[in-house]
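# Remarks on the overall topology
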Amino acid sequence: MPFEPINPPQFPTPIAPYSAGAKAGNTVYVSGVLALGEGGAVLHVGDASAQTRHVLEVIKTTVEAAGGTMADIAMNHIFLKDLDDYAAFNAVYAEYFPGNKPARYCIKCDLVKPDCLVEIASVAHLG
(Lines give C-alpha, C1' and ligand atoms only; values in the text may rest on other atoms or scores of the structure.)
Protein backbone atom coordinates (compact mmCIF):
# COMPACT_ATOMS: atom_id res chain seq x y z
CA MET A 1 0.00 0.00 0.00
CA PRO A 2 1.45 3.40 -0.92
CA PHE A 3 1.71 6.09 1.72
CA GLU A 4 1.04 9.82 1.65
CA PRO A 5 3.74 12.12 3.10
CA ILE A 6 2.35 14.60 5.65
CA ASN A 7 4.30 17.88 5.76
CA PRO A 8 2.32 20.78 7.25
CA PRO A 9 3.41 23.98 5.45
CA GLN A 10 3.99 25.94 8.67
CA PHE A 11 6.81 23.61 9.78
CA PRO A 12 10.46 24.59 9.34
CA THR A 13 12.52 22.71 6.77
CA PRO A 14 13.52 19.32 8.25
CA ILE A 15 17.14 18.90 9.34
CA ALA A 16 17.37 15.57 7.48
CA PRO A 17 15.63 13.83 4.55
CA TYR A 18 12.26 12.81 6.05
CA SER A 19 8.59 13.77 6.18
CA ALA A 20 6.91 15.00 9.36
CA GLY A 21 4.47 12.14 9.00
CA ALA A 22 3.28 9.42 6.68
CA LYS A 23 -0.29 8.19 6.24
CA ALA A 24 -0.84 4.62 5.07
CA GLY A 25 -4.49 3.61 5.03
CA ASN A 26 -5.91 4.70 8.36
CA THR A 27 -2.54 4.71 10.13
CA VAL A 28 -0.45 7.84 10.62
CA TYR A 29 3.21 7.56 11.56
CA VAL A 30 4.70 10.75 13.01
CA SER A 31 8.47 11.08 12.76
CA GLY A 32 10.50 11.70 15.88
CA VAL A 33 9.87 15.31 16.88
CA LEU A 34 12.36 17.56 18.65
CA ALA A 35 11.87 21.15 19.83
CA LEU A 36 13.46 22.70 16.74
CA GLY A 37 12.85 25.94 14.92
CA GLU A 38 13.98 27.24 11.54
CA GLY A 39 17.44 26.09 10.54
CA GLY A 40 17.42 23.40 13.22
CA ALA A 41 17.77 25.87 16.12
CA VAL A 42 16.88 24.26 19.44
CA LEU A 43 13.94 25.96 21.14
CA HIS A 44 13.41 26.31 24.92
CA VAL A 45 16.96 25.30 25.85
CA GLY A 46 17.08 23.83 29.35
CA ASP A 47 13.28 23.66 29.76
CA ALA A 48 11.95 20.09 29.46
CA SER A 49 8.34 21.21 30.02
CA ALA A 50 8.44 23.79 27.22
CA GLN A 51 10.21 21.37 24.88
CA THR A 52 7.60 18.69 25.64
CA ARG A 53 4.77 21.13 24.91
CA HIS A 54 6.41 22.18 21.62
CA VAL A 55 6.95 18.55 20.57
CA LEU A 56 3.35 17.59 21.37
CA GLU A 57 2.00 20.61 19.49
CA VAL A 58 3.99 19.55 16.41
CA ILE A 59 2.64 16.00 16.74
CA LYS A 60 -0.90 17.39 17.13
CA THR A 61 -0.52 19.53 13.99
CA THR A 62 0.86 16.59 12.00
CA VAL A 63 -1.93 14.21 13.06
CA GLU A 64 -4.56 16.87 12.36
CA ALA A 65 -3.08 17.49 8.89
CA ALA A 66 -3.65 13.77 8.24
CA GLY A 67 -7.28 14.02 9.38
CA GLY A 68 -6.95 12.83 12.97
CA THR A 69 -6.81 14.08 16.54
CA MET A 70 -4.63 13.43 19.55
CA ALA A 71 -7.28 10.92 20.70
CA ASP A 72 -6.35 8.78 17.66
CA ILE A 73 -2.77 8.29 18.88
CA ALA A 74 -2.31 4.67 19.96
CA MET A 75 1.45 4.57 20.60
CA ASN A 76 4.17 7.03 21.61
CA HIS A 77 7.88 6.34 21.50
CA ILE A 78 9.50 8.69 24.03
CA PHE A 79 13.17 9.57 24.34
CA LEU A 80 14.47 11.70 27.22
CA LYS A 81 18.02 12.96 27.54
CA ASP A 82 17.79 12.96 31.36
CA LEU A 83 15.38 10.96 33.51
CA ASP A 84 15.42 13.85 36.01
CA ASP A 85 13.03 15.49 33.48
CA TYR A 86 10.55 12.57 33.67
CA ALA A 87 8.12 14.27 36.09
CA ALA A 88 8.13 17.57 34.17
CA PHE A 89 7.61 15.66 30.92
CA ASN A 90 4.70 13.64 32.36
CA ALA A 91 2.94 16.74 33.73
CA VAL A 92 2.74 18.24 30.23
CA TYR A 93 2.12 14.89 28.51
CA ALA A 94 -0.94 14.26 30.71
CA GLU A 95 -2.53 17.51 29.44
CA TYR A 96 -2.45 16.20 25.86
CA PHE A 97 -3.89 12.77 26.71
CA PRO A 98 -6.66 13.42 29.26
CA GLY A 99 -8.85 10.47 28.21
CA ASN A 100 -7.67 7.03 27.17
CA LYS A 101 -3.89 6.88 27.38
CA PRO A 102 -1.87 5.62 24.42
CA ALA A 103 0.62 2.83 24.86
CA ARG A 104 4.17 4.13 25.20
CA TYR A 105 7.71 3.46 26.19
CA CYS A 106 10.37 5.85 27.45
CA ILE A 107 14.10 5.53 26.89
CA LYS A 108 16.93 7.63 28.32
CA CYS A 109 19.40 8.45 25.55
CA ASP A 110 21.41 11.14 23.81
CA LEU A 111 19.44 13.04 21.18
CA VAL A 112 20.60 14.34 17.81
CA LYS A 113 21.18 17.87 19.19
CA PRO A 114 22.84 18.22 22.63
CA ASP A 115 20.36 20.89 23.85
CA CYS A 116 17.33 18.75 22.99
CA LEU A 117 15.80 17.14 26.07
CA VAL A 118 12.73 15.38 24.60
CA GLU A 119 11.88 13.49 21.43
CA ILE A 120 8.60 11.72 20.67
CA ALA A 121 7.51 9.63 17.67
CA SER A 122 3.84 8.62 17.43
CA VAL A 123 1.50 6.21 15.69
CA ALA A 124 -2.17 7.12 15.24
CA HIS A 125 -5.07 5.05 13.91
CA LEU A 126 -7.77 7.20 12.33
CA GLY A 127 -11.50 6.59 12.49
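Residues numbered from 1 in each chain as written. Predicted model: local features only at pLDDT ≥ 70, side-chain atom pairs only at ≥ 80, totals over all residues. Heavy atoms only, no water.

Further remarks concern the overall build of the protein chain. Looking only at helices and strands, one finds two helices and six strands in the protein chain. In sequence order, the protein chain lays out its α and β elements as β-β-β-α-β-α-β-β. Here the C-alpha atoms of the protein chain give a radius of gyration of 14 Å, agreeing with the 14 Å that 2.2 N^0.38 yields for 127 residues. Reported as C-alpha extents along the three principal axes, the dimensions of the protein chain are approximately 40 × 35 × 20 Å. In the protein chain, which comprises 127 residues, the share counted as buried stands at 40%. Taking contacts inside the protein chain between residues at least 6 apart in sequence as the whole, the part at least 24 apart equals 69%. As presented, the protein chain carries roughly 6,500 Å² of accessible surface, and 56% of it is formed by carbon and sulfur atoms. Separation between the mean location of the 8 positive side-chain charges and that of the 13 negative ones in the protein chain comes to 3 Å. (Helix = DSSP H or I, 4+ residues; strand = E, 2+ residues; numbered from the N terminus. Rg over C-alpha atoms; globule rule 2.2 N^0.38 Å. Buried < 20%, exposed > 50% of the residue type's maximum accessible area, 1.4 Å probe, protein only. Contact = heavy atoms within 4.5 Å. Areas by Shrake-Rupley, 256 points an atom, 1.4 Å probe, with all protein chains shown as cover. Lys, Arg positive; Asp, Glu negative; His and termini not counted. Charge placed at Lys NZ, Arg CZ, Asp CG, Glu CD.)

Here the focus is helix α2 (residues 86-96). Burial in α2 covers these residues: Phe 89, Val 92, Tyr 93 and Tyr 96. Axial view of α2: buried residues confined to an arc of 105°, hence all on one face. At its buried positions, α2 is contacted by α1 (48-65), β4 (73-80), β5 (103-108) and β6 (118-125). (Arc of directions from axis to C-beta.)

Spatial ordering of the open sheet is given by β1-β2-β3-β6-β4-β5, a layout of six strands whose pairing is mixed. The outermost strands of the open sheet, each flanked by one partner alone, are β1 (4-6) and β5. On average, each strand axis in the sheet is inclined to that of its neighbour by 15°, with strand direction left out of account. As defined by bridge partners, β4 adjoins β6 across seven bridges and the pair is classed as antiparallel. Bridging across to β6, Ile 78 finds its partner in Ile 120. In the packing of α1 onto the sheet, the strands contacted are β1, β2 (21-24), β3 (27-33), β4 and β6, and the crossing angle to β6 comes to about 25°. (Pairing = 2+ DSSP bridges. Axes fitted to C-alpha atoms, helices over the stretch in contact; angles between N-to-C directions.)

Another point: the environment of Ala 22. Mapped onto the elements, Ala 22 comes out in strand β2. Judged by its relative accessible area of 17%, Ala 22 falls in the buried class. Taking the C-alpha atoms as reference, Ala 22 lies 6.2 Å from Phe 3; in sequence the two are 19 residues apart. With sequence-adjacent residues up to four places away left out, Ala 22 is seen in contact with Phe 3, Glu 4, Ile 6, Thr 27, Val 28 and Tyr 29.

For the structure on display, the rule yields three aromatic pairs. Relative to Tyr 93, the ring of Phe 89 lies with its centre 5.4 Å away and its plane at 35°, an arrangement referred to as tilted. With Phe 89 and Tyr 93 both in helix α2, this residue pair falls four residues apart, about one helical turn. Overall, the relative accessible area of 5% leaves Tyr 93 in the buried class. (Phe/Tyr/Trp six-rings, centres within 6.5 Å; stacked < 30°, edge-to-face > 60°.)

With that settled, the discussion passes to unusual backbone geometry. Backbone geometry places His 44, a non-glycine residue, at a positive phi of 55°. Counting through the fold element by element, His 44 comes out in the loop between β3 and α1. You can call His 44 partly exposed: its relative accessible area is 40%.

Distances and angles like these do not, on their own, reveal function.
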